[in-house]
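Residue strings, one per chain:
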Amino acid sequence: IGVDVGIRRLATTSTGVSYTGDAIARKRQWYLRRRSELQQVGTKSAKRRLRQLSGKERRFRKDTNHVISKQIVAVAKGTRSGIAMENLKGIGKRVTVRKKQRAMFSGWSFYQLQQFIRYKAESQGVVVVCIDPHYTSQCCSKCFHIERGNRRSQSEFCCRRCGHAEHADPGAAKVIRILGLRQWSYGVEVVLMRLQLQAAAFEAIVS
């Protein structure tokens, strides 16, 4: 199962399921607006209130990430699937977003969500593969053509080679799934090759 994270849809899988909702979106907007108001006031009481608000917002993010990760891992285990994700470490330094979305992007712990998925998956015996995140949002899930122009907007994807069109988030999740399968199968091949070499070396010693 490929998992793509995003600003509007916190997580979308290659099966087309989005883990977000109006209630979460409204709560995120409320925290963003309230934080901005308190920062503008600048008094001691406003700063104290801002620290309290930051703690509540942090707990809200953590709880939401727990719920999302639990649901994704449950689906993977129930279908006997592995999970493929982008390597999100240092994502804040690598990714650039529009000015209007900057606060929303920095206000969510995407890497934390990935870590929750990883440790929950490991505890349930679900395989997790992390792939290189470069160009996954620009890659067509049908013909694998990569071009910046494929991504017409935040949500619209249309391949300029084959014409395949779909919502950008599940499309990226499908690409992540395919890359995850390739990386996992390559890892299995390497392990088998090493075992074969070890067996051949042992036979040579015995003979």
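Now for a description of the structure that goes with this document. The structure presented is a predicted model; accordingly, all values stated were derived computationally and were not measured.

Let's shift gears to the sheet that holds strand S4 (residues 128-131). The four strands lie next to each other as S2-S1-S3-S4, forming an open sheet whose pairing is mixed. Taken across any chain shown, the strands that pair with only one partner, and hence form the sheet edges, are strand S2 (11-13) and S4. Between one strand and the next, the sheet's axes are offset by a mean angle of 30 degrees, whatever the strand orientation. Of the strand pairs in this sheet, strand S1 (residues 2-5) and S2 are connected by three bridges, and their pairing is antiparallel. Pairing of Asp4 across the sheet is with Thr12, part of S2. Across the sheet, helix H2 (residues 44-78) touches S1, S2 and strand S3 (83-86), and the angle it forms with S3 is around 140 degrees. Across the sheet, helix H5 (residues 110-123) lies against S1, S2, S3 and S4, angled at about 160 degrees from S3, the strand it touches most.

Enumeration according to the criterion identifies three aromatic pairs in this entry. Judged by centre distance (5.8 Å) and plane angle (80 degrees), the rings of Phe116 and Tyr119 are edge-to-face. Of this pair, Phe116 and Tyr119 are both found in helix H5, three residues apart, which corresponds to roughly one turn of the helix. Every member of this aromatic cluster is reached through a ring pair, and the members are Trp30, Tyr31 and Phe60. Above the ring of Phe116, the side-chain terminus of Lys120 is found at 5.1 Å from the ring centroid.

Below, the discussion takes up the packing of H2 against H5. Between H2 and H5, whose axes approach to 9 Å, the crossing angle comes to 45 degrees. In terms of their interaxial angle, H2 and H5 are classed as oblique. In the crossing of H2 with H5, the sense of the turn from one axis to the other is right-handed. Between H2 and H5, the contacting residues are Arg61, Lys62, Asn65, His66, Ile68, Ser69, Lys70, Ile72 and Val73 on the first element and Gln112, Leu113, Phe116, Ile117, Tyr119, Lys120 and Ala121 on the second. For the contact of H2 with H5, a count of residues per class yields eight nonpolar, four polar and four charged.

Calculation criteria
Here the residue index of a chain counts from 1 through its sequence in written order. Local features in this predicted model are restricted to residues of pLDDT 70 or higher, and side-chain atom pairs are both shown and tallied only at a pLDDT of 80 or more, whereas totals for entire chains, interfaces and linings draw on every residue. The side-chain figures draw on all heavy atoms in the structure; neither hydrogens nor water molecules are used. At least two bridges found by DSSP between two strands is the condition for calling them paired. By the criteria applied, helices consist of DSSP H or I runs no shorter than four residues and strands consist of E runs no shorter than two, each listed in order from the N terminus. The axes are straight lines fitted to the C-alpha atoms, using for helices just the contacting stretch, and the angles between their N-to-C directions are given from 0 to 180°. Here a residue-residue contact requires only that any non-hydrogen atoms of the pair lie within 4.5 Å. Any two of the Phe, Tyr and Trp rings considered here, Trp counted by its six-membered ring, make a pair once their centres fall within 6.5 Å; the pair's planes then place it as stacked at under 30 degrees, edge-to-face at over 60, or tilted in between. Criterion for a charge above a ring: Lys NZ or Arg CZ within 6 Å of the ring centre, and within 35 degrees of the ring normal. Here the word oblique covers every angle except those under 35 degrees (roughly parallel), over 145 (roughly antiparallel) and from 65 to 115 (roughly perpendicular). By convention, the crossing between two helices is left-handed when the near helix turns anticlockwise from the far helix through less than a right angle, and right-handed when the turn is clockwise. Polarity classes work like this: nonpolar for Ala, Val, Leu, Ile, Met, Phe, Trp, Tyr, Cys and Pro, charged for Asp, Glu, Lys and Arg, and polar for all others, with Gly in that last group.

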